[in-house]
Each structure stands twice: as C-alpha cells, then as structure tokens.
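Each chain is listed here by its residues.
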Amino acid sequence: MTDLVLVLNCGSSSIKFALFDAGARPLPRRPLWNGKVDGITGPAPTFGETGVAPGPVALDAAHPYSAALEHIRARVRERMARGGHRIAAVAHRVVHGGAKYQDPVRVDAAVLDDLRSYIPLAPLHQPFALEAIAALLQGMPELPQVACFDTAFHHTLPEVEKMLPLSWDAWERGLRRYGFHGLSYEYMSLALAERYGDAARGRTIVAHLGSGASLCAMQGLQSVATTMGFSALDGLMMGTRCGALDPGAVLYLMEIEQLSLQDVGRLLYHGSGLLGISGVSSDPRVLLAQEAGDARVQAALALYVRRIVREIGALVAVLGGLDMLVFTAGIGEHNAAVRERVCAGLAYLGVALDAQANGRDADLISSLDSRIPVAVERTNEEWVAAWHATRLLGAP
C-alpha cells in the first residue's frame, strides 16, 4: 500500500489539491494526481482533475465551501479505494502564522485556536484553510495534519523591513509587515539554486504575479524585502485588490462619502485593482484582448504595469542593484505581454528581452545582450507543503 500526502491549498473561491508519493525519495515534484474546485462562491462552480477538463459541479448553495471540500474528500476516498493507497498526512497552505509560527507545525486543537486568532490579519484566506483543518480534525482526528505558512519564508526580513511607521505600541501589539506568498518564494529559493547555482544567490527579485501579487527581494536566496506586508492589500495592484494605498483615501471614503467599514472592505478586497478600474475583468488576458479603443482597460493595464515597475525599482534600491529578475505564478509564468511591458519599463537597468523566448514562456527570456538575466520559473506551492509534511512527520 502506497502512503500519500494530500495537500490542500484553500483560497477564498477555490480549493486546489494534490497527492504526492510520501515514500519516494526525493519527493517527486510532480503530484500523482491533482485537481481544483473553482468559482466556489460564484454562480457556476467547476471541478477539474488530472486527465479531466474542468466541468460544472453542484454545490450546496447555503454552504458552498463545505460542499466543495466534501466533494474533494469524496473523490480522494474513491481514488484511494481504487488504487490501494492511503493518506498518511494532510498538508495545508495557511496564509498567516503570525509572529509565533516560523516553521511548519502539526495541527491540534490548540494550534487551530491560535491560527483562528490570525483571521483578522488575513480575512480573505485564513478562514478557509482553517475550515478544512477543523473538518478533518473532527472527522479524522488520527490523521496527521501539517500547517505550512505563507508568512514563514519572510522571517529573515530585517527588523527595519518589518516595522510599520506607527506608534511603538503598535509594534509591540504585533502590527508589523509579515510578507506573504512564502511557499511560492520558498520554492523559488530551491528551484533557482538548482537551475542557476551561484548566479541566483546574489541580488534577485522574484515577481509572484497571480490574482494576488507581490515581489520578494532575495539575497543569498533569503527574503530581505517584500511588497506585501501587514495584509494581502499591500504592495502591488492586483486583480481585485488595490495594493498600497494612501490611508487618507480610506479616511475620505469613510468620513466624507460615508462608506461603512464593510463597504470599504468590499471595495478594497473585491472592487479595486484591474477589475475596479477597467470595469471589465480582473484577468489581464481578457483586458489585453479588449484593450484597443477602451480607455478604462488601457488605464487599468498601464497602472498595473507601472506599479510593478515602480516597486521593482524600490527593491533594486534596497538591494543596491539587481543580478536576476524572475517571474512566477499564473500571470508571471504565462503572460508574455505583461512581462514585456514590465521589462520595457526596466530598460534603464539594462534589462532586454528575447521576444521569441518570451513568447514561448521559456525558462530564460532575456536577450544575450541583457545586463540582467530574466527568468520564468514555475512555482510549486503544493510540493513545498508536501515536502515540509514528510520532513516534519518523518518517512511513513
């Protein structure tokens, strides 16, 4: 019987899962089987898995997230029964570990209570991972569960990067910049070292561009600065989120325009970014296809790229130069037009692309005369979580 690690990556509207062979050494980078329930809170949720294209899935309208999780559990049970496998452990991507959790941890009721206290710090993501953990703790308490934190990779940030320019009391209460997308950046630190060796150990900036987006400045493949700090609203403009924003604008919305706290939260998390400005979509692929003749779409894309270029420039200043630029995540890996526009804005650094390599999403997309190597590296958050679980729990 083969022991497997099940990885659950729970977002606000989707649940991704993957199963890895826990007995294989080294742990294979490719899962034996994976899939995703998407659009959980929307009118037309879908389910897709290895070898099966996404198709409609019926979810309980009153409790769609719980229904999506149960659908995945049922498919996993069915697969286990057919294949002679068993789940030896479940690894979860958990967005926030606060200041306490800097390493993966096996979850029990006490740890779960701790992690619930961080929900206000990550309201868009934290509750859904914890819902999955709680359901499994109740239904299968003997099954080991491991939480892997997106904040953990950034524990190497120097104190000056962690501090917010508020009162000292705020710092002592835990208001600080934590950093996110850590599982993705941790995979980058491993994959870039394998592919490029010492060339990746200098002043490297990784651009994690997906529906959520951030940048990480690395030195020695450790995080030394990042754009997403206290919350998932910080830093870059995103699909539906604003990114860094003058707090005076929020005060104006509440004091002058009389928006409630809930209204402002919905605006900043769900009604801003590419969707808010374009009025069309949060997806750059859709916007690029409709860019001609639509001033709002043009403005959305221009600001999206400008914010990335601006923040890369800030991190270059912190690093004191740049030795490598890397794109990852859904947009970073697959959107040649966005990469081209960002790199055009960095021409002053000596960045130059090979148009053909960029067009085919090659591993290295910079031209031979580029002073800065520019790479595309596929992220693998699920594998990082499975790897941590096998290391923490030991080989089955």
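Look above for the structure.
Rules and cut-offs
- Here the residue numbers are simple positions, counted from 1 along each chain's written sequence.
- Confidence filtering applies because this is a predicted model: local features only for residues at pLDDT of at least 70, side-chain atom pairs given and counted only at 80 or more, and all residues used for totals across whole chains, interfaces and linings.
- The side-chain numbers reported here are obtained from all heavy atoms of the structure, hydrogens and water having been left aside.
- Only protein chains enter the accessibility calculation, which uses a 1.4 Å probe; a residue is then buried when its area is under 20% of its type maximum, exposed when over 50%, and partly exposed in between.
- Each helix corresponds to a stretch of at least 4 residues labelled H or I by DSSP, and each strand to a stretch of at least 2 residues labelled E; elements are numbered beginning at the N terminus.
- Two strands qualify as a pair provided DSSP detects at least 2 bridges between them.
- Note on geometry: axes are C-alpha line fits, over the in-contact stretch for helices, and angles between N-to-C directions span 0 to 180 degrees.
- In this analysis, two residues are considered to be in contact whenever any of their non-hydrogen atoms come within 4.5 Å of each other.

(A) Broad picture of the pairing of strand 9 (residues 203-209). With six of seven residues buried, strand 9 lies mostly within the body of the structure. In this sheet, strand 10 (residues 213-219) lies alongside strand 9 in antiparallel orientation, the contact comprising seven bridges. Bridged to Leu 209 within strand 10 is Ala 213. Between strand 9 and strand 10, which pair antiparallel one after the other, the connecting turn spans three residues. Where strand 9 and strand 12 (residues 324-328) come together, five bridges link them in parallel fashion. Paired with Thr 204 across the bridge in strand 12 is Met 324.

(B) Structural view of the sheet that holds strand 13 (residues 374-376). Taken together, the five strands give an open sheet; going across it, the order is 11-10-9-12-13, and neighbouring strands pair in mixed fashion. In this open sheet, the two edge strands, each paired with only one partner strand, are strand 11 (222-226) and strand 13. Between one strand axis and the next, the sheet turns by 25° as a mean value, whatever way the strands run. The sheet contact formed by strand 12 and strand 13 spans three bridges and is parallel. When the sheet's bridge partners are listed, Leu 325 is paired in strand 13 with Val 374. In this fold helix 6 (residues 182-196) packs onto strand 9, strand 10, strand 12 and strand 13, with an angle of close to 130° to the strand it touches most, strand 9.

These figures capture arrangement, not role.
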